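Coordinates in review
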2 protein chains.
Amino acid sequence: MSSTGTSGRRVGSETRAEILRVALDLFTSRGFDGTSIRDIAEALGVTKSSLYYHFAGKEAIIRALLDDRRSDVEELLAWIDEQPPGTDLLHRAAMRWVGSTSPDRIRGMRFAHANRPVMRKLADDGGDLRAWFDDVVRRVLPEDAPVADVLRARMAFDTVSAALFAAQTTAATEAEVVEAALAATAALTRSTD
Amino acid sequence: MSSTGTSGRRVGSETRAEILRVALDLFTSRGFDGTSIRDIAEALGVTKSSLYYHFAGKEAIIRALLDDRRSDVEELLAWIDEQPPGTDLLHRAAMRWVGSTSPDRIRGMRFAHANRPVMRKLADDGGDLRAWFDDVVRRVLPEDAPVADVLRARMAFDTVSAALFAAQTTAATEAEVVEAALAATAALTRSTD
DNA sequence: GTCTATATAGAGATAGAC
DNA sequence: GTCTATCTCTATATAGAC
């Protein structure tokens, strides 16, 4: 877009987004606690202090990361509300959710995997990831659904996560992961009733 | 066993086991990085230095924890080797694995969930958790099995983990979790072929 | 908006008395 | 086998120049 000349340094305009990108990468591969502000700064080619200009601190960065992912679930909730109620709503909603898995969402999941303790700490202050899916499952199952059904439903929505974990030491591509997840979701929601 | 008198302090004989118990608890709830040696010491009512008498350091503690869980997988491997080969070996092995889930193993899984970054760091030095299941899946599937089947198999063995995660904001008991996991494993291994 | 320099706090770990 | 005291390192975060 803008001409940056021959400098190797980072531009100033989209710095915030770039910080988030790099931070997501590092938090995912080394974990939140295993990643220092300095690590992020070095990866960006700037100093720690620069980061403090853009974010109040390390926690502010991870919060911004979470906000980015929230909209996906909200979109799903909105879609569900538009649907005609029926016994196959769980199946359709779960298939839709898993089938619409984007690379961004996969990145978000890897991040969540690597940072469950931090996520839970943030969850206590509000803005939980788990709570989002409470809503989803609540709308997709009858109110008095037995625990077994609730667990099965939640697992059906979370197959990408499971497949991602399963793929950890294999050479599976992301497409294959999503495919496996879809198959699992189908298997889990076929004979719910 | 031995008479300790009226002292409120911890006994000296089984200290090692007690350290591991407390450390497992704390590592699970707050994460490895979120738990300091001091935290463990305080929970035990002793000082940091005492811990260093029993363990070389923080990493030695987590390694001891991992060793405890290794035997489970080795038992499964031994069982598999005794089985007559057949197409339903995956189903039987996975059902056996999931069905034999003990409270200890659940504790181990919660621990693993909360500490994936550390686990992966330890994995690089050998003694990986993932690698153990590489062996399991290798013996239970044909050598040239397509990726989809490998992923499905790994997911089938890991349903307790998935169910545990799914149960996070629910009131599900551990028995219900295992039950849901068994159902999922059955669904995932029924029409493998 | 980015830098240098520094304040401050907490971690893991060790020495050595008891 | 547990203690007190201390070392060392690294982290987050801030102050203030440019």
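Heads up: these notes are all about the structure in this document. (Residues numbered from 1 in each chain as written. Chains lettered and ligands numbered in written order. Predicted model: local features only at pLDDT ≥ 70, side-chain atom pairs only at ≥ 80, totals over all residues. Heavy atoms only, no water.)

So, on to the overall build of chain A. When you go through chain A residue by residue, the secondary structure sums to 11 helices and 0 strands. N-terminal to C-terminal, the α/β element order of chain A is α-α-α-α-α-α-α-α-α-α-α. For chain A, the spread of C-alpha atoms along the three principal axes comes to 60 × 40 × 35 Å. Each of the 193 residues in chain A was classed as buried or not, and the buried ones make up 48%. Looking at chain A alone, contacts between residues at least 24 apart form 69% of all its contacts between residues at least 6 apart. In chain A, 25 side chains carry a positive charge and 29 a negative one; their mean positions are 6 Å apart. (Helix = DSSP H or I, 4+ residues; strand = E, 2+ residues; numbered from the N terminus. Buried < 20%, exposed > 50% of the residue type's maximum accessible area, 1.4 Å probe, protein only. Contact = heavy atoms within 4.5 Å. Lys, Arg positive; Asp, Glu negative; His and termini not counted. Charge placed at Lys NZ, Arg CZ, Asp CG, Glu CD.)

On to the relation of the copies chain A and chain B. Turning chain A through 180° and shifting it by 0.0 Å along the axis lays it on chain B, with an RMSD of 0.1 Å. Taken together, the rotation and translation relating the two chain copies correspond to the operation of a two-fold axis. Most of the interface of chain A is mirrored in chain B, where 100% of its interface residues again form contacts. (Least-squares fit on C-alpha atoms with pLDDT ≥ 70 in both.)

Below, the discussion takes up the protein's contact with DNA strand D. In the vicinity of DNA strand D, 16 residues are found, and the nearest of them are A:Tyr52, B:Thr47, B:Ser49, B:Ser50 and B:His54. Within the contact set of DNA strand D, a base nitrogen lies 2.9 Å away from a side-chain nitrogen or oxygen of A:Lys48. If you list the elements that add at least two residues to the surface near DNA strand D, you get helix 3 (48-54) of chain A together with helix 3 (48-54) of chain B. Sort the elements by how many residues they give to the surface near DNA strand D and helix 3 of chain B lands first, with 4 residues. (Near = heavy atom within 4 Å. Polar contact = N/O pair within 3.5 Å; in protein donor to acceptor, adjacent residues only side chain to side chain.)

Take a probe with the size of a water molecule and roll it over the atoms, and the empty space left behind shows itself. Counted as a void, the largest pocket has a volume near 1000 Å³. A:Phe165, B:Ala112, B:Met119, B:Leu129 and B:Arg130 are the residues nearest the centre of the largest pocket, which is lined by 46 residues in total. The dominant element in the lining of the largest pocket, judged by the number of residues it contributes, is helix 6 (residues 103-114) of chain B, at 8 residues. Looking at the lining of the largest pocket residue by residue, the class counts come to 22 nonpolar, 9 polar and 15 charged. Looking at the second largest pocket, its volume works out to about 770 Å³. In terms of lining, the second largest pocket is formed by 35 residues, of which the most central are A:Arg69, A:Gly108, A:Met109, A:Ala112 and A:Leu129. Counting residues per element, the ones that place at least two in the lining of the second largest pocket are helix 1 (15-30), helix 4 (58-82), helix 6 (103-114), helix 7 (116-124) and helix 8 (129-140) of chain A. By residue number, the principal contributor to the lining of the second largest pocket is helix 6 of chain A, which donates 8 residues. Residues of the lining of the second largest pocket, tallied by class, amount to 17 nonpolar, 5 polar and 13 charged. (1 Å grid on protein atoms, 1.4 Å probe; cavity = no way out; pocket = protein on both sides within 12 Å on 5 of 7 lines; lining within 4 Å. Points joined across faces, edges and corners; volume = space filled by probe spheres on them. Nonpolar A, V, L, I, M, F, W, Y, C, P; charged D, E, K, R; others polar.)

Let us look at the pattern of salt bridges. Residues and elements named next belong to chain A. A full pass over the atoms with the stated rule returns 26 salt bridges over all chains. Across the pair aspartate 72 and arginine 69 runs a salt bridge whose closest N-O atoms are separated by 2.9 Å. In this pair, aspartate 72 and arginine 69 both sit in helix 4, 3 residues apart, roughly one turn of the helix. Several salt bridges share partner residues, and in doing so they unite Arg69, Asp72 and Arg105 into one network. (Salt bridge = Lys/Arg side-chain N within 4 Å of Asp/Glu carboxyl O.)

As a further point, take the packing of aromatic side chains. All names here are of chain A. For the structure shown, the criterion picks out 8 aromatic pairs over all chains. With a centroid separation of 6.4 Å and 40° between ring planes, the pair formed by phenylalanine 27 and phenylalanine 111 is classed as tilted. Remark: phenylalanine 111 occurs in helix 6 and phenylalanine 27 occurs in helix 1; sequence separation between them is 84 residues. Aromatic rings pair up to connect Phe27, Phe32 and Phe111 into one cluster. Its guanidinium or amino end placed over the ring of tryptophan 97, arginine 105 lies 3.6 Å from that ring's centre, counting from NZ or CZ. (Phe/Tyr/Trp six-rings, centres within 6.5 Å; stacked < 30°, edge-to-face > 60°. Lys NZ or Arg CZ within 6 Å of the ring centre and 35° of its normal.)

For soluble globular proteins, nonpolar side chains are generally found buried alongside one another. In this structure, A:Phe157 and B:Phe157 are the most contacted members of the largest nonpolar core, which totals 76 residues. Those residues in contact with B:Phe157, other than ones at most four positions away along the chain, are B:Leu76, B:Leu90, B:Ala93, B:Ala94, B:Trp97, B:Val98, B:Phe133 and B:Val136. (Core = buried A, V, L, I, M, F, W, Y, C linked by side-chain atoms within 4.5 Å.)

Here we come to the protein's contact with DNA strand C. The local shell around DNA strand C holds 16 residues, among which A:Thr47, A:Ser49, A:Ser50, A:His54 and B:Tyr52 are the closest. Taking all atoms of DNA strand C within 4 Å of the protein, the share assigned to sugar and phosphate is 55%. Contacts to DNA strand C include A:Ser49, whose side-chain N or O atom sits 2.6 Å from a base oxygen. In this structure, a phosphate oxygen belonging to DNA strand C sits 2.8 Å away from a side-chain N or O atom of A:His54. Looking at the surface near DNA strand C, the elements with two or more residues in it are helix 3 of chain A together with helix 3 of chain B.

Listed by partner, the interface residues are 34 residues for chain A and 36 residues for chain B. In total, chain A and chain B occlude about 3000 Å² of area from one another, counting both sides; carbon and sulfur atoms represent 67% of this. Counting every contact that joins chain A to chain B gives 0 salt bridges. Residue assignment for the side of chain A that touches chain B shows that the elements contributing at least two residues are helix 1, helix 6, helix 7, helix 8, helix 9 (147-157), helix 10 (159-166) and helix 11 (174-189) of chain A. The greatest single-element share of the side of chain A that touches chain B, amounting to 6 residues, is contributed by helix 11 of chain A. Tallied by class, the residues present in the side of chain A that touches chain B amount to 17 nonpolar, 7 polar and 10 charged. (Buried area = accessible area lost by both parts, 1.4 Å probe.)

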